[in-house]
Each structure stands twice: as structure tokens, then as C-alpha cells.
Amino acid sequence: MKRRMRKLWGLLMALTLTAGLAFNVNAVTLNDAQQKADELQDQKDAAEEEKASLSEKLDSIIKNMEETQKKLNEKKAEVEAVENELAQAQIDASSQYESMKVRIKYMYESGGNQMFEVLMESENMGDFLNKAEYVSQISEYDRNELIRYQETVKDVQKKEEQIQTEYGELNTLQTELISQQEEVQNLIDSNEAKLSEIQSQIDENSALLQQLHAQAEEEKRVQNESGGTTWVDGGPNVITGNGFFTHPCPGYTYQSSYFGEVRDFDPVPHKGHDYAAPAGTPTYAAAAGKVIIAGWSYSAGNWVVIDHGNGLVTKYMHHSALSVTAGQYVEKGQQIGAVGTTGYSTGNHLHFQVELNGVAVNPDLYM
């Protein structure tokens, strides 16, 4: 009857603690949440690396745009200078043309007589030759000026065409750079949205982690404060090895600590062996004997102490549940509980301790 009441109490305790996890219908574990946190952090790191690369690319494009714009401004100034040069040539040609028309008109209207009179009024032959040379030079000057104007216009137009071509190429390049800038900026904006979404997931998962941690701590606190022990029915006897003791936890994954070991967190030499195993792994009585203790301890958690006679005692600590009660006689290899991490424990394991006349000894001596 007493054992049934303990089972009912353990069941009620389990239901109460389980209700606290009702917010998480998918039963996300701490390990699941932590794994997701690591994956999200990896995604965030990758996105931030991509953002840095895009920003660097955008800076390069903007720098090229600034340099191209500078060259465009220079070409604009060159075009303006050439156009002014062409305009001045046209002004000079027009002026020369007007002067030439006046001279031609004068010579036509005078019928050449006045020019003849000018020559005939020469005081001497030298003066006559000088005046005749002057008239000839005037006509030659007009021809040369016309030729110079034509050559100037031709050179200026050629130069303008070259500059306009270069300006067009630069303008095309600037258009392409603007397009690249828009494309990279769109990628950056998309990256920002991606980072924001990842951060939201990180924040949400972090809140879930905190809640799971808090509930795990609350579960442990309630269990510690209540001193409640849960119970499970034992399975068939299991005996392994040829020693006086059978192995107390044959389903263990690995031995996490040894008798006499001095660990970083505990300066006192370890008094037994620790067998790391998944929660719920069965534990067994190392030898036949009487159960002296089967219950709760704040340090050992759910533990069992068995007296084998002649001063030989074995202790089994940190169970998640027990299968025996105090005063009960157990056979060698009989299940006494299930592996857990109750009491002062940092993970699921069985602490197995052997004492002879009250002094802890190496369990290997009996196995």
C-alpha cells in the first residue's frame, strides 16, 4: 500500500511538471533548442559575411562612379572649349569675309582706276613696286585666311567628334555603374531582411531556451524541495561477469569517473565509479542483500543502500526512479532503479560506491 501511494505521488508530480511544458506541443528539448541556436548563429555569421562582401563591392562601384563622373566633367569642359574654339574661328572667318567683300566692292566700283591712280602717284620706281606688292599681298592674305579658316574648322570638328565619342563611352559606363549600384543595393536590402528574420528566430529560440532552462531548474527545485521519489517496476534479473559483484549498470555508455580520481570541481578523491548512461537505463543490485535505504537524498538524489553482510555495503546514487523499498531483500542482479541525474549531479549517470566497514574501497576489487 505504501509503495502504491509513492507511485501515485510520483505520477502526480510527473503530471504537474509535464503540465508546465504545455506551451511546447512539439516537446522541444534543451538539446533541440541549443542545436537550433547554433544553426541560426551559423546562418547569421554567413549572412553578415555576405553583407560585408556586398558592402565592399558597393563601395568599389561608388568609387568607380565618382571617378567616371570626374572624367565626364572633364570631357564636358573639353567639349565646351572646342565649341568655343570653333565659334571663334567662325567669328574670325566672318570678319575676314566681310572685310574682303568691302575691298572687292571697292575695286569693282572704281573699275580699278583708283588703284591705278594710287600706283601712278608713286614718287619713284621703288615706291611703285612697294605699292604694287601691297595690292598683291592683300589678295593673297584673303586667300590664306580662307584656307586657314577651312583647316581650323576641319581640325576643330575632328577634335569635337573624338571628344563626343569619349564622352558617350563614359556616359555608357556611368549608366552601367548606376545599374550595378542598384543591383548590389537590392542584394544588400535583401540581405538586411534576411538578417532581420534570422535575428527574430534567434530571439524567439533564445526565449524558448530560457524557458526550458527555467522549467528544468524548477523541476529539479520542486523535486529537491519535495524529496519526492518516483518508482518504476523492475525488470528481470541481469547478471554479468564472473566476479562477486555483477555490474550495477551493464547498459552504461562509458565510465565517466573512477575511484580515487581527483576532479577539477572536487578536491576530495572520488569514492566510487561513475557510469554515464541514458536516462532510464536500468540499474541492478551488485550482490544479494538487504535494502537499508531507498529514497531521497539532497546530495545523492534518489539512492539505494544495500547491506551485503560482513561489513560490505554498496551505494547507488542519482536515480531518476527506484524499483525497491527500504527493508526489502534483493537478489544479485535484481533491478533496483533507473539512471537519472537527481541530487548533486551534472548529467545522467549512476554513482556506484562500495564500502567495507564504513570505508570506501575500489569497486574493481569485487567485480
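Parameters at a glance
Residues numbered from 1 in each chain as written. Predicted model: local features only at pLDDT ≥ 70, side-chain atom pairs only at ≥ 80, totals over all residues. Heavy atoms only, no water. Patch = residues over 30% accessible without salt bridge, like charges linked within 9 Å, V, L, I, M, F, W, Y side chains within 5 Å. Areas by Shrake-Rupley, 256 points an atom, 1.4 Å probe, with all protein chains shown as cover. Salt bridge = Lys/Arg side-chain N within 4 Å of Asp/Glu carboxyl O. Lys, Arg positive; Asp, Glu negative; His and termini not counted. Charge placed at Lys NZ, Arg CZ, Asp CG, Glu CD. Helix = DSSP H or I, 4+ residues; strand = E, 2+ residues; numbered from the N terminus. Buried < 20%, exposed > 50% of the residue type's maximum accessible area, 1.4 Å probe, protein only. Core = buried A, V, L, I, M, F, W, Y, C linked by side-chain atoms within 4.5 Å. Contact = heavy atoms within 4.5 Å. Phe/Tyr/Trp six-rings, centres within 6.5 Å; stacked < 30°, edge-to-face > 60°. Pairing = 2+ DSSP bridges.

As annotated in an unreviewed UniProt entry, the chain carries the name Peptidoglycan DD-metalloendopeptidase family protein and is attributed to Candidatus Mediterraneibacter stercorigallinarum.

Our next topic: a negative patch on the surface. Among the surface-exposed residues, Asp38, Glu39, Asp42, Asp45, Glu48 and Glu49 lie close enough to one another that they form a single negatively charged patch. Mapped onto the elements of the fold, Asp42 is located in helix H2 (residues 30–109). With relative accessibility at 53%, the residue Asp42 sits in the exposed group.

By size, the foremost hydrophobic cluster in this structure holds 24 residues, and its most contacted members are Phe245, Val304, Ile306 and Tyr316. Of all the secondary-structure elements, those providing two or more residues to this core are strand E4 (289–297), strand E5 (301–309), strand E6 (312–322), strand E8 (335–339) and strand E9 (349–356). Those residues within four positions of Val304 in sequence are excluded, and the remaining contacts are Val291, Ile293, Thr314, Lys315, Tyr316, Leu322, Val324 and Ile336. Ranked by size, the runner-up nonpolar core spans seven residues in total, among them Leu58, Leu177, Val184 and Ile188.

Across all of its chains, the model carries five aromatic pairs by this definition. Look at Phe244 and Phe245: their rings are 5.4 Å apart centre to centre, the planes differ by 40 degrees, and that puts the pair in the tilted class. Take Phe245: its relative accessible area is 2%, and that puts it in the buried class. Ring centres of Phe245 and Phe352 lie 6.2 Å apart, and the angle between their planes is 70 degrees; on these two criteria the pair is classed as edge-to-face. Here the residue Phe245 occupies a position in the loop between helix H4 (125–226) and strand E1 (254–257), and Phe352 occupies one in strand E9, the gap between them amounting to 107 residues. Each member of the pair, Phe245 as well as Phe352, carries the same accessibility label: buried.

Attention now moves to the pairing of E4. One ladder, built from two bridges, connects E4 with strand E7 (residues 329–330); its direction is antiparallel. Note on E7: the bridge partner recorded for Gly289 is Val330. Two elements, E4 and E5, share seven bridges in a ladder whose sense is antiparallel. Within E5, the position partnered with Gly295 by the bridge is Trp303.

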